[in-house]
Amino acid sequence: MPVQAVTREVVRVRFEPRPDAIELTGVSRWYGPVIGLNDVSLRVGSGVTGLLGPNGAGKSTLLRLVTGQISASLGDVRVLGEPVFQNPNVLRSIGCCPDLEKFNDEWTGRQFVRAAAYLAGFSAREAAARANDLLALVGLADAGDRVIGAYSKGMRQRVKLAQALVADPEVIVFDEPLTGMDPVGRRQMVELVRAFGAEGRTILVSSHVLHEVEAMTENVVLIHHGRVLAEGRVHEIRSLLKGYPHHIRIELEENAPERRRALAQRLVAEADLAGLRFDDEGLTVETTAPDPLFRVLEGLVVDDGFEVRKLYARDDSLEAVFDYLVR
Amino acid sequence: MIHAVTLEKRPKPPGFVGGALRVARVAPFRVLRGRRLLGLALFAFVPVLLVLLMRVEGEPRGLGVRMFVDMTTNLHLTGIFQVVLLFLGAAAIGDDIDDGTILYQRLRPLRRGSIVWGRYLACALSGAVLLAPATVALYVAQLADRGVDALLESAPILLTVLWIVVLASLAYSAVFVLLSLLFRRAVLIGLGLTIGWEVLVSRSVPSNAALGTVSFHLRSILWHSTSEGKELGRAMEPFEEAGLIPTPTASAVGLLVAALVLVTAASVVFGRKELKEQPGDA
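A.B. asks: Break down empty space enclosed by the protein for me, with residues and values.
C.D. replies: Scanning the entire structure with this criterion turns up six cavities of 30 Å³ or more. The volume enclosed by the largest cavity comes to roughly 140 Å³. Considering the residues around the largest cavity, the lining is formed by 13 residues, among which A:Asn104, A:Trp107, A:Phe112, B:Tyr104 and B:Gln105 are closest to the centre. Elements represented by at least two residues in the lining of the largest cavity include exactly α3 (109–119) of chain A together with α5 (103–106) of chain B. No other element matches α3(A), which puts four residues into the lining of the largest cavity. Split into classes, the residues belonging to the lining of the largest cavity amount to seven nonpolar, three polar and three charged. Taken as a whole, the second largest cavity holds about 50 Å³ of empty space.

Laid out in structure tokens, this is it:
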């Protein structure tokens, strides 16, 4: 049974927008001589934010700090305005879906979620009702009485999601939430995460699968070697990378070589290009100023009859930004 | 359906004591399941099985309260209680730390100390629930065929031994819960402690070191409460001559205070403990 479809629902904003629901100020964290995070200052506001970085970048350390599992060696970590380390008042507002494969396998999914709710402060009866509701939400209503040891990876991921949601958290941290899920489950999980963000919750999603994060949000934090390399919307970050010209692909309806050549001549004359390449299908132009180029192209389409079949930026994606910054 | 997540009001986080009781109620005890439970139960019932074996081998009657006290001294207090509580104590929290699943409780709005106290209470309770029936069964096996009067006449001794079961569960659970937080191989270290410290020191040449063992205090409570144990009396003589045997009240209070201190220390250790954190994960 799938995760309940949420896209058809009207999602209501339930939480006041906060620009700094998660706030790290000058945070360093080291393990003996090894630095996990190095002087990180970061604000994460309401909505979905992707936390990206290669293995060993410091993502897990950051998530552990934000969920109060470890304390900072230096600096201050606050969630919803309060220090988070070992602070039950803040932990009640945080849900965490950790990247942990292990469970108490003898428990059923229902027992697991019920225990999570009970420990969050619900009465035993309320906890049982809460577990039923959340198992239905994540599509495990029928499998709730099976032991977790018999669950597939995707089902384990869902039961982890259910335990993260028991206290209706304002801040939710996901660590590799799509691991082991089938394509349908992934899509549903992405929709659910987006819906949570639309409700005004603060969602921090850590993943190394870039296209999945891209499907959830435009807003990212890139982290590498324990430092924040960039944060903001992907396109804004991309536009700041002046050293890497944008590669814009243009394909015309009328794919005659002379038309391509004519278009290239006009672009060279009227736009600020750093490079230009032809091939049999179209042309790729390089520019550090894509917006003026698009305005020129608009004029050529309207005034000179160049009919464009395809137009896209080849390296305006999260993956390209990540490559430029990290690799 | 996303509205299923919505709560009108988030529950208040449980307080320290409330949190500990909640943890105790849901503490998953892997050791109390399946074959390991069967193994521990069999181990706790070894003295009963020995009595039944003796009866099959030709001993026509149970050997009475003196034998009950001797078997309690030489079997229960010299290995069985310790081993059963060692496995329970190590499983109470150490196993979940080793595989990381304790994280699911640390993510809840609970004081870390209340997690330790909850698991400790669950461990002590489980130990008492496992060991008390074994004690009663041994008592019944030794005295049942002497009639109800014999059973009732010696009931105070049974009650004393049951009180010892409670104290042993509280004290050893504290020791082994702390050990499981300090060491990955808590069972091995606990076995070493049981044999090297609890058994040898508590029975060796009379010295103040014996006062630092749990089993010496348990034996001295039993010694004070009964004149029935022949072997117990003989073993305690040198300690009595050296003036080392505390009063039952002093022993009981000492054990309870020691348990309190050890579990508090365990709470501090757990509060600072970082889970499976390798820099490579960072």
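A.B. asks: Could you give an account of the interface of chain B and chain A, with specific residues and numbers?
C.D. replies: Facing the 42 residues of chain B at the interface are 63 residues of chain A. Carbon and sulfur atoms make up 58% of the surface buried where chain B meets chain A, a total of about 4800 Å² over both sides. Across the chain B-chain A interface, the total number found is zero salt bridges. Along the contact surface separating chain B from chain A lie 14 residue pairs in polar contact (both at pLDDT 80 or more). Taken together, the elements giving at least two residues each to the side of chain B that touches chain A come down to α1 (16–26), α4 (64–99) and α5 of chain B.

A.B. asks: Could you give an account of helix α9 (residues 257–270) of chain A, naming the residues involved and the relevant values?
C.D. replies: Residues and elements named next belong to chain A. When the terminal C-alpha atoms of α9 are compared, their 20 Å separation across 14 residues agrees well with the 20 Å that a helix rising 1.5 Å per residue should span. Listed as buried for α9 are Arg260, Leu263, Ala264 and Leu267. Projected onto a plane normal to the axis of α9, the buried residues spread over an arc of 100° and lie on a single side. Turned more than 90 degrees off the buried face of α9, the exposed positions are Glu258, Gln265 and Ala269. In this structure, the buried side of α9 is in contact with β11 (246–252), β12 (275–278), β13 (283–287) and α10 (290–304).

How each quantity is defined
Along each chain, the written sequence defines residue order, and numbers are assigned to residues from 1. Think of it this way: whatever chain is written first is A, whatever ligand is written first is 1, and the rest follow in order. In keeping with the predicted nature of the model, local features appear solely for residues at pLDDT of at least 70, side-chain atom pairs appear and are counted solely at 80 or more, and the whole-chain, interface and lining totals rest on all residues. The basis for every side-chain value is the complete set of heavy atoms in the structure, and neither hydrogens nor water enter the calculation. Here a cavity denotes grid points, spaced 1 Å and computed from the protein atoms alone, that fit a 1.4 Å probe unable to get out, and a pocket denotes an open set having protein on both sides within 12 Å along at least 5 of 7 lines; residues with an atom within 4 Å of a point are the lining. Grid points are joined across faces, edges and corners, and a volume is the space filled by probe spheres set on the points. In this text, helices come from DSSP runs of H or I with a minimum length of four residues, and strands from runs of E with a minimum of two, each type numbered from the N-terminal end. In the scheme used here, Gly and all other residues not listed as nonpolar or charged are polar, with Ala, Val, Leu, Ile, Met, Phe, Trp, Tyr, Cys and Pro taken as nonpolar and Asp, Glu, Lys and Arg as charged. Residues are treated as being in contact if the distance between any of their heavy atoms lies within 4.5 Å. The buried area of a pairing is the accessible area, by a 1.4 Å probe, that goes missing from both parts when the two are put together, added over both. A side-chain nitrogen of Lys or Arg and a carboxyl oxygen of Asp or Glu constitute a salt bridge if their distance falls within 4 Å. Between N or O atoms, a polar contact is any pair within 3.5 Å; within protein, one atom must be a potential hydrogen donor and the other a potential acceptor, and residues adjacent in sequence are included only when both atoms are from side chains. Expected span of a helix, by definition, is 1.5 Å for each gap between consecutive residues, and there is one gap fewer than residues. For the exposure calls, accessible area comes from a 1.4 Å probe over protein chains only, and a residue counts as buried if that area is under 20% of its type's maximum, exposed if over 50%, partly exposed in between. The reported arc concerns the directions from the helix axis to the C-beta atoms and nothing else.

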